[in-house]
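Given next are the chains, with one letter for each unit.
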Amino acid sequence: MWSRLRAPGGVLLVCAMLVGCGGKQPGAPAAGRPGASAMPSGTLTTDGGSGLSAAQLARIPHFPARPAPKPVTVPAGSSAGWYSAIPTDQPVAFITIDDGWTRVPQALPLLQAAHVPVTLFLEINAIKADPGYFTRLEQAGAVIEAHTISHPELKGKSYAVQKHEICGSADQLATLYGRRPVLFRPPFGDKDATTLSVVHECGMKAAFFWRETTDKGIVRYQTGQTVKPGDILLMHFRPAFVDDFLAVLQAIANAGLTPALLEDYIA
Ligand SMILES: [Zn+2]
């Protein structure tokens, strides 16, 4: 069955060797590019070789238009802002995707089909084998931000160690992608006062925790059982990327919200 997945360059064949790449229903390629709701759910076809099944494409919600963003102003001073959610009553939520170790080929067509903004907090060590993968996501609307070089626990570390990890990752991402990050996520969501001071010193405006986490297609809530306006949702580049991303989209849609770009909400 995998022979059908052998795309030019063998990109999708690599997927076949991984554990669960999300698209587990390969079939005859669909003619043309179907709209997300144009094909019946469960049809065993793929989207022109993208590796996404029509059933997966049909799970992409239709969101209302995004409102004009009303950014929050980061508190003045020598420390970066720190947020688990953006304080807003606008009907928006924010999708963030961390690390970069597992790079499923379906992420690009999924992002293109969903047509929603996302923020990627990338770890240098996780992406350096294939930085071009994220260039393609960037071209589909993702914005790349910093998440350290080697993903250490920062809390309690010296100023020098934190500066190397935080400024160093921003420097390298600027070189790789031609844009210097303005936002930061500490590994494990752990930080101390030194972290926020160094993030500011390295030229970034804010650092982020989250309100929801996502794994194996399930969204888990820190508080309550629904996404609230301004919430920041966390997921990772993992083998279940497609299921995780679809679960995040559905959770936001179920709450009557629409995905917005985190960078647009930090002044
Ligand atoms: Zn991480």
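Preceding block: the structure.
Trainee: What is the right way to read the state of the cysteines from this model?
Mentor: Where two cysteines share a covalent bond between their sulfur atoms, that bond is called a disulfide. Under the definition given, this model contains 1 disulfide. The side chain of Cys 167 participates in a disulfide bridge whose partner is Cys 202; the two sulfur atoms lie 1.7 Å from each other. On the sign convention where negative means left-handed, the S-S torsion of about -80 degrees between Cys 167 and Cys 202 marks this disulfide as left-handed. Placement of the pair is Cys 167 in helix H6 (residues 159–177) and Cys 202 in the loop between helix H7 (193–201) and strand S6 (206–208), with a sequence separation of 35 residues. You can call Cys 167 buried: its relative accessible area is 11%. The exposure class of Cys 202 is buried, given its relative accessible area of 4%.

Trainee: Looking at this structure, how should I read the pattern of salt bridges?
Mentor: Where charged atoms from two side chains of opposite charge come close, those side chains can pair. This structure, assessed with the given rule, holds 10 salt bridges. Of the charged contacts in the structure, one is a salt bridge between Asp 98 and Arg 185, with a shortest N-O distance of 2.9 Å. Taken together, the residues span a long stretch of sequence, with Asp 98 in strand S2 (residues 92–99) and Arg 185 in the loop between strand S5 (183–184) and H7 at a distance of 87 residues. Residue classification places Asp 98 among the buried residues on the basis of a relative accessible area of 2%. For Arg 185, a relative accessible area of 0% puts it in the buried group. Taking the shortest distance from any N to any O, the salt bridge between Lys 228 and Asp 231 comes out at 4.0 Å. When salt bridges with common partners are traced through the structure, they connect Arg 211, Lys 228 and Asp 231 into a single cluster.

So, how was this worked out
- Residues numbered from 1 in each chain as written.
- Predicted model: local features only at pLDDT ≥ 70, side-chain atom pairs only at ≥ 80, totals over all residues.
- Heavy atoms only, no water.
- Disulfide = S-S within 2.5 Å.
- Helix = DSSP H or I, 4+ residues; strand = E, 2+ residues; numbered from the N terminus.
- Buried < 20%, exposed > 50% of the residue type's maximum accessible area, 1.4 Å probe, protein only.
- Salt bridge = Lys/Arg side-chain N within 4 Å of Asp/Glu carboxyl O.

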